[in-house]
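The primary structure of each chain is shown beneath.
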Amino acid sequence: MSTNGLIGRAVKRVEDKRFITGHGNYTDDIILPHQTYAVFVRSQYAHAKILSVDTSAAKEMPGVIAIYTGADLANTNGVPCGWQVNFKNGDTMKEPKHPLLVADKARHVGDAIAIVIAETKEQATDAAEAVTVEMEELPCVIDAAKAVQPGAPLVHDDVPNNKSFDWTLGNPIEEVNAAMDQAAHVTTLEFVNQRLVPNAIEPRSYNSSYDPVSEKYTLYTSSQNPHLIRLLMCAFVLGIPEHKVRVISPDVGGGFGSKIFHYTEEALLTWCSKQIGRPVKWTSERTESFLLDAHGRDHVTKAEMGFDAEGKIVALRVKTYANLGAYLSTFSSCVPTYLHGTLLQGLYTTPKINVDVTAVFTNTTPVDAYRGAGRPEATYLLERLLDLAALEMKADPAELRFKNFIPPFDGVQQPGYQTQVALQYDSGNYEGVLKKGLEMLGYADVRRQQQEAANNGKLVGVGFSTYIEACGIAPSAIVGALGCRAGLFESGHVRVQPTGKVSVYTGAHSHGQGHETTFAQVVADKLGINLDDVEIVHGDSDSVAFGMGTYGSRSLAVGGSAIIKSIEKIIEKGKKIAAHKLEASADDIEFASGRFTVKGTDKSVGFGEVALTAYVPHVYPKDLEPGLDFSSFYDPANFTYPFGCHIAVVEVDKETGKVSIKRFVAVDDVGNVINPMIVEGQIHGGVVQGIGQALFEGAEYDENGQLTNASYMDYCMPRADDLPMFETASQVTPCPHNPLGVKGAGEAGTIGSAPAIVNAVIDALWSGGHQVKDIRMPLTSERVWNAMNS
Amino acid sequence: MIPATFEYEKVTTVDEAIAALSNDDTKILAGGHSLIPALKLRLSRPGKLVDIGGITALKDIKEEDGEIVIGAAATHADIMYHNLIRTHLPFFTEGASTIGDIQVRNYGTIGGSIAHADPSADWPALILAADATIEVQGSSGRRGIKATEFFTGLFSTALQPNEIITAVRIPLPADGTKGTYQKFAQPASRYALVGCAVVRFADGKTNIAFTGVGENAFRDTGAEQALSGKPINDENLTAALDAALQNVDVLGDHYASVPYRRHLAKVFLRKALLEVK
Amino acid sequence: MNTRIQVTVNGVQYSHMVEPRLLLVHYLRDVLRLTGTHVGCDTSSCGACTIHVNGKATKCCTMLAVQANGCQITTIEGLSHNGDLHPLQEGFKECHGLQCGFCTPGMIMTAADLLQHNPQPTENDIRHALEGNFCRCTGYHNIVKSVLYAAEKLKEHAVVH
């Protein structure tokens, strides 16, 4: 295959022009002919029986078109969960219905009781106020560990102890216990990985219409995966045939996981659009986003790591309670299990690992994948344990890691690394990223500065995090065996136009990742054509054959690979056409720099001419079909395993407890890089979401199940003036099992950064003589101050 | 987030505004940065809004009869960028720059902020420390209310229902006066978790005001007495810190419990005092 | 009772009867169909709705359309002239100052206000100036660089002219 050097270049983004000039096209920007607007009546209570819903006054209000309640949808299914994780004893996962509108009782604040549709947003808002709901408040349960206690209120009457499932992975617990008993030192940490609100800045928005003539629906949705929404909505919720539904995800203003899931409003608006025969639009308000967009994390964990006398890890034992919220969201069940437990090997040679997870319903917003999804929780657990162990054993945290790293392996000459927790890592050079990080930091100098600061009564700390993640989600056969109810392949369709211009249809969806640039770089590079001659089409189920969407850092590793497969087919067919034109054998044709050449000669024909010939096949191979247009599906052989090293230097203000980040060094190895500018941007953004978790963010429920910080006045988002400039670098260890050698960069920053920050704060406190093991995230100034003063 | 319906009237003089206020169901709209969020949440549902944004006289910032006069409709940014303020009340410039963000400073007004009397707003502490008088006008005429008598509780003030704030008047500080505003921001809202304004006059008189600490902004007379007329040295500083926040019901919330907020208030009082030393 | 307003938006005069409760952001988006100005929150926090009213950056989710009567308004759609990108728009593209693009118009409009008052801002000036604009994608690093780029560009223009 040819190359014109586009791969690996920091090409400026193709998509930027529309965004910087205000011409993006997000779902809420769309107003359809005869548009109507929906507003929801939602539960103010976390747990309450619905006694009556009176819509009669509201129905008489100006502009009101229809109002529906749970009773109108009694025969409609709820939204499904896409992953089945059974109990340890084989019992089936408890999977209670998640109805589009609740009729019997509300199970979290914000549960939808009625939908009001009117001519204008204003009228719908006014009418929603006039709906009268009588409710009887019930005792509620918020905390996962408490929810499984006998006598706790039941979120679902038919789910005993609020347990959806329990699950274990790794070495038999007896072996792990025995190894732990033999350990010279055991570091124990009991901690909360707090609940986060994803907060994409574009609120979710849906606009559904129905054409009675063709009997076809069109749903505009701010989704990361329009085809998946169509699949779930058609097959599991509404029972309508897929070819009668078109789902379009136009520009989407960030997702971070929260726009993967099939939400009740998507299906309900689709249903309503047929009922009223007009398009219905709903855009979430920020308050609704806080209450309804699936939250992330929320683990309560006890973790123990055993070391021998030389500082080698001998065992890891983990018990986690995972809060799933009130209902199972689309991928909620796989996050605390297969995306968390399977990563507990980390970068280390730990010989004995056991993880045990209990997944629990509570009267809170459903919890699902949020940037990193399970892997940040695993990394936080491991990296906090390691830095704490180093402090406890008076060892250097970097040295402790070097002692325990899995040695480098490329996955080609050396085999992949088989972990104790089911996965086989593809390739890695873990000591490489730490070495590079230490160099960039100037480690010895920083430690000297820390000592000087301590002598001057200042608290400076250094924190490490060397992480690994499983991305490129995912091999269908493997995830299928683990309970996934979908395949996780991707499609890539490459259509060469008669003039040699290329349209690419990908099932991946770009909502900030820059696919319109990166994918075009790959295609233009491989075909030896100009970047401007490639168009990337995504986000429309009527133009893209199929797709599983964008999440789990999968777009390039899986979606890009599908495109490569189609390009290979195009070049192969192109060679036959060229051979015919050049009166040579196809086996003798080489393709490079956009030209088909007869080996060892100067006889050649350009890509554009071959394309034209394919569509004007006057002089053409006898048995070859016209056209140059191929579609492919790619199902990965394995996950990909990006890894890296994040190091934070912080200062803690003794008087207030306020943490300031002095430096942040990130060395990430995401395999081959197509566009370093975009990868770096992904790392920056990811790092800040991890910093957000470490220092600023956290959903706080009161005992009544009210989310007390459900607005930006109370939930602290990281802002420009909270952060330093970042020092980033990359190392490249190619992925051995996909054609581009790429691993994925979307989640790396978030996975790596949070423990580095918290470790740095703990280190700072120890430098001042405060031997604190843990401070609950987010590390607000008060929590840090309390840790110093208790 | 759509407000409930209301009537709207734009006025061009203070008299018209007062006339329009005769109805209980009417609210004044200045910059709107306190009122409109409440309207959107439907926490406030006035029948009518009287827009005073068109009364240009209320936007003036001037020197008059030995006072700096800041019109009630002057925005935080107007004040922050004004040379008169920068010259005579540099701690107002400093304080204004910590309010909200550029956009909020461009539209939010000093009068609106004071009338709203949020317990964590910045202006109340600043004007308290500056010995300001709030000039108000109502159907029964004009009056001045001392800042120390203006803030009466959580979101409540000495303003009568038919009165509007027209200006804030600050005596021109004598040469040698030093002032400062030291703020620890609530990280999400950027309101003051604690805010401490201190003005030290040439004769050693020391005004100390807090916001964010109690139900309303207040002058800390205990701390003032420990320092007024005395040098700011270690001993007197300690005395002032010990005397501060006596008999104050300190607020506790998600971002600062009562003991932590009390501690912070003293930390920022100390910073402020060292600044004006 | 609906009220008549007259506004000039991006140099074009408009006159409409509006409900007093109509927010300026909804007027721009739904009535004028200028959808580059976005709504990201309901507490005047996120800054996605930032526009210029009479030359000053304003969060137009916290302003009634009737308050804008008689005002000159510039939205992101009006920032470039004759097809030439504003230096800030250019800076955001050159420095990868955007990803999903949703916060970008507000971010650019706020940065434009900063550069009016402070044509040569430091990194800290920029970070402080953008405190009222949330971005969830970029971690702000490249946004800061974008604004520095624009300031440099404007300085060059100033020297040339």
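Residues numbered from 1 in each chain as written. Chains lettered and ligands numbered in written order. Predicted model: local features only at pLDDT ≥ 70, side-chain atom pairs only at ≥ 80, totals over all residues. Heavy atoms only, no water.

(A) The arrangement of the overall build of chain B in detail. Broken down by element type, chain B carries twelve helices and 14 strands. Projected onto its principal axes, the C-alpha coordinates of chain B cover approximately 60 × 45 × 35 Å. Only carbon and sulfur atoms are counted for the fraction: they give 48% of the accessible area of chain B, which is about 10,500 Å². Distance between charge centroids for chain B: 5 Å, based on 27 positive and 32 negative side chains. (Helix = DSSP H or I, 4+ residues; strand = E, 2+ residues; numbered from the N terminus. Areas by Shrake-Rupley, 256 points an atom, 1.4 Å probe, with all protein chains shown as cover. Lys, Arg positive; Asp, Glu negative; His and termini not counted. Charge placed at Lys NZ, Arg CZ, Asp CG, Glu CD.)

(B) Representation of the pattern of salt bridges in the model. Under the defined criterion, the tally for this structure stands at 67 salt bridges over all chains. Put simply, Lys281 of chain A and Asp28 of chain A hold a salt bridge, and the shortest N to O gap is 3.6 Å. Of this pair, Lys281 of chain A sits in strand S12 (residues 280-283) while Asp28 of chain A is found in the loop between helix H1 (16-20) and strand S1 (36-42), placing the two residues 253 residues apart along the sequence. Residue Lys281 of chain A is classed as buried on the basis of its relative accessible area of 4%. Among the salt bridges present, the one from Glu655 of chain A reaches Lys271 of chain B, with a minimum N-O distance of 3.7 Å. Note that Glu655 of chain A is positioned in the loop between strand S26 (643-652) and strand S27 (659-669) and Lys271 of chain B in helix H12 (residues 258-276), a pairing that runs across two chains. For Lys271 of chain B, a relative accessible area of 28% gives the class partly exposed. What emerges from the salt-bridge pattern is a single network uniting Asp126 and Glu129 of chain A, Arg42 and Arg45 of chain B together with Glu19 and Arg21 of chain C. (Salt bridge = Lys/Arg side-chain N within 4 Å of Asp/Glu carboxyl O. Buried < 20%, exposed > 50% of the residue type's maximum accessible area, 1.4 Å probe, protein only.)

(C) Spotlight on the sheet that holds strand S10 (residues 216-221) of chain A. Residues and elements named next belong to chain A. An order of S3-S5-S1-S12-S9-S10-S11 is seen for the seven strands of this open sheet, with the pairing classed as mixed. At either margin of the open sheet sits one strand with a lone partner, and together these are strand S3 (64-69) and strand S11 (245-248). Geometrically, the sheet is characterised by an average inter-axis angle of 20° between neighbouring strands, direction not taken into account. Taken strand by strand, helix H3 (residues 121-129) contacts S1, S3 and strand S5 (112-118), and its axis lies near 25° from that of S1. Lying over the sheet, helix H7 (residues 264-276) contacts S1, S3, S5, strand S9 (205-211), S10 and S12, oriented at roughly 30° with respect to S9. (Pairing = 2+ DSSP bridges. Axes fitted to C-alpha atoms, helices over the stretch in contact; angles between N-to-C directions. Contact = heavy atoms within 4.5 Å.)

(D) Structural context of the interface of chain A and chain C. Across the boundary between the two partners, chain A contributes 54 residues, which contact 48 residues of chain C. Taken over both partners, the interface formed by chain A and chain C buries close to 4,500 Å², and the fraction arising from carbon and sulfur atoms is 56%. The largest per-residue losses of area from chain A upon contact with chain C belong to Ile20, Ile201 and Met725 of chain A, which jointly make up 17% of the total buried on that side. The tally of links between chain A and chain C comes to five salt bridges. Between Asp30 of chain C and Lys121 of chain A there is a salt bridge, and its shortest N-O distance comes to 3.0 Å. Connecting chain A to chain C are 27 residue pairs in polar contact (both at pLDDT 80 or more). (Buried area = accessible area lost by both parts, 1.4 Å probe. Polar contact = N/O pair within 3.5 Å; in protein donor to acceptor, adjacent residues only side chain to side chain.)

(E) Layout of the packing of aromatic side chains. Residues and elements named next belong to chain A. In the structure shown here, the tally under the stated rule is 34 aromatic pairs over all chains. With centroids separated by 5.2 Å and ring planes inclined at 80°, the aromatic side chains of Trp167 and Tyr338 adopt a geometry described as edge-to-face. Placement of Trp167 in strand S7 (residues 163-170) and of Tyr338 in the loop between strand S14 (313-325) and strand S15 (353-361) is noted, with a sequence separation of 171 residues between them. Neither residue differs from the other here; Trp167 and Tyr338 are each classed as buried. Three or more aromatic residues joined by ring pairs make a cluster, and in this case those are Phe409, Tyr417, Tyr425, Tyr430, Phe639, Tyr641 and Phe643. Stacked on the ring of Tyr263, the Lys or Arg Arg204 has its end atom at 3.7 Å from the ring centre. Looking at Lys319, its charged tip hangs above the ring of Tyr321, at a distance of 4.6 Å from the centre. (Phe/Tyr/Trp six-rings, centres within 6.5 Å; stacked < 30°, edge-to-face > 60°. Lys NZ or Arg CZ within 6 Å of the ring centre and 35° of its normal.)

(F) Structural detail: helix H1 (residues 24-31) of chain C. Extensive coverage of H1 of chain C is indicated by the burial of six of its eight residues. For H1 of chain C, the complete set of buried residues consists of Leu24, Val25, His26, Tyr27, Leu28 and Arg29 of chain C. In this fold, the buried residues of H1 of chain C make contact with H3 of chain A together with strand S1 (3-9), strand S2 (12-18), strand S3 (50-53) and strand S5 (72-74) of chain C. Arg33 of chain C sits one or two residues past H1 of chain C and shows a positive phi near 60°.

(G) Quick look at the sheet that holds S26 of chain A. Residue and element names in this part refer to chain A. Read across the open sheet, the four strands follow the order S18-S26-S27-S28; overall the sheet is mixed. The sheet is open, and its two borders are formed by strand S18 (459-468) and strand S28 (727-730), each paired with just one other strand. In this sheet, neighbouring strand axes are inclined to one another by 10° on average, regardless of whether the strands run parallel or antiparallel. Pairing geometry for S27 and S28, over four bridges, is parallel.

(H) Summary view of the packing of helix H2 (residues 87-94) of chain C against helix H3 (residues 104-117) of chain C. All names here are of chain C. Axis separation between H2 and H3 bottoms out at 10 Å; the angle between their running directions is 125°. Judged by the angle between their axes, H2 and H3 are oblique. The crossing of H2 and H3 is right-handed. From H2, Leu88, Gln89 and Phe92 reach across to H3, where they touch Thr104, Met107, Ile108, Ala111, Ala112 and Leu115. (Parallel < 35°, antiparallel > 145°, perpendicular 65-115°, else oblique. Left-handed = near helix turned anticlockwise from the far one by under 90°.)

(I) Representation of the domain arrangement of chain B in the model. Residues and elements named next belong to chain B. When the domains of chain B are assigned, the result is domain 1 (7-51), domain 2 (59-171) and domain 3 (178-276). Taken over C-alpha atoms, the centre of domain 1 sits 19 Å from the centre of domain 2. Across the boundary between the two partners, domain 1 contributes ten residues, which contact 15 residues of domain 2. Of the roughly 900 Å² buried between domain 1 and domain 2, counting both surfaces, carbon and sulfur atoms make up 74%. Inspection of the domain 1/domain 2 interface yields zero salt bridges. Between domain 1 and domain 2 we count one residue pair in polar contact (both at pLDDT 80 or more) in total. In terms of residue count, the dominant contributor to the side of domain 1 that touches domain 2 is helix H1 (residues 14-20) (four residues). (Domains from an automatic or database assignment.)

(J) Region of interest: the pairing of S27 of chain A. All names here are of chain A. Where burial is concerned, most of S27 is hidden: eight out of the eleven residues are buried. Taken together, the ten bridges between S26 and S27 define a ladder with antiparallel strand orientation. Paired with Ala648 across the bridge in S27 is Phe664. Between S26 and S27, which pair antiparallel in sequence order, lie six residues; one of them, Gly657, sits at a positive phi of approximately 85°. Regarding the hand of the β-α-β motif, the stretch spanning S27, helix H17 (residues 676-696) and S28 is right-handed. (Right-handed = clockwise from strand over helix to strand, strands pointing away.)

(K) Quick peek at the interface of chain B and chain C. Between chain B and chain C, the residue contacts involve 30 residues of the former and 31 residues of the latter. For Glu131 of chain C, the salt bridge goes to Arg105 of chain B, with nearest N and O atoms at 3.9 Å. Where chain B packs against chain C, one counts eleven residue pairs in polar contact (both at pLDDT 80 or more). For the side of chain B that touches chain C, the secondary-structure elements that each account for two or more residues are strand S1 (7-10), helix H2 (35-40), strand S3 (48-51), helix H3 (76-81) and helix H6 (102-107) of chain B.

(L) View of a nonpolar patch on the surface. Residue and element names in this part refer to chain A. Residues Leu612, Tyr615 and Val616 make up a contiguous nonpolar surface patch of roughly 230 Å² in combined accessible area. Note on placement: Leu612 falls in helix H16 (residues 607-615). The partly exposed category is assigned to Leu612, whose relative accessible area is 43%. (Patch = residues over 30% accessible without salt bridge, like charges linked within 9 Å, V, L, I, M, F, W, Y side chains within 5 Å.)

(M) Expanded view of the packing of helix H10 (residues 397-404) of chain A against helix H11 (residues 430-441) of chain A. Residues and elements named next belong to chain A. Packing of H10 against H11 brings their axes to within 10 Å, and their N-to-C directions diverge by 160°. Judged by the inter-axis angle, H10 sits roughly antiparallel to H11. Seen along the crossing, H10 lies across H11 with a hand that is left-handed. Note on element contacts: H11 touches H10 through Glu431, Leu434, Lys435 and Leu438, opposite Ala398, Arg401 and Phe402. Residues of the contact of H10 with H11, tallied by class, amount to four nonpolar, no polar and three charged. (Nonpolar A, V, L, I, M, F, W, Y, C, P; charged D, E, K, R; others polar.)

(N) Just the domain arrangement of chain A, in detail. Residues and elements named next belong to chain A. In terms of domain boundaries, chain A breaks down into domain 1 (16-22 + 489-634), domain 2 (31-138 + 202-253 + 259-292) and domain 3 (296-474 + 638-788). The gap between the C-alpha centroids of domain 1 and domain 2 is 39 Å. The partner domain 2 presents 18 residues to the 16 residues of domain 1 that form the contact. Together, the buried faces of domain 1 and domain 2 total about 1,400 Å²; carbon and sulfur atoms form 51% of this surface. Looking only at domain 1, the three residues that lose the most surface to domain 2 are His509, His511 and Ser541, adding up to 33% of its buried area. Of the charged contacts, one joins Asp540 and Arg246 as a salt bridge, the two residues approaching to 2.6 Å between their closest N and O atoms. The interface formed by domain 1 and domain 2 contains nine residue pairs in polar contact (both at pLDDT 80 or more). Tallied by class, residues from the side of domain 1 that touches domain 2 come to six nonpolar, seven polar and three charged.

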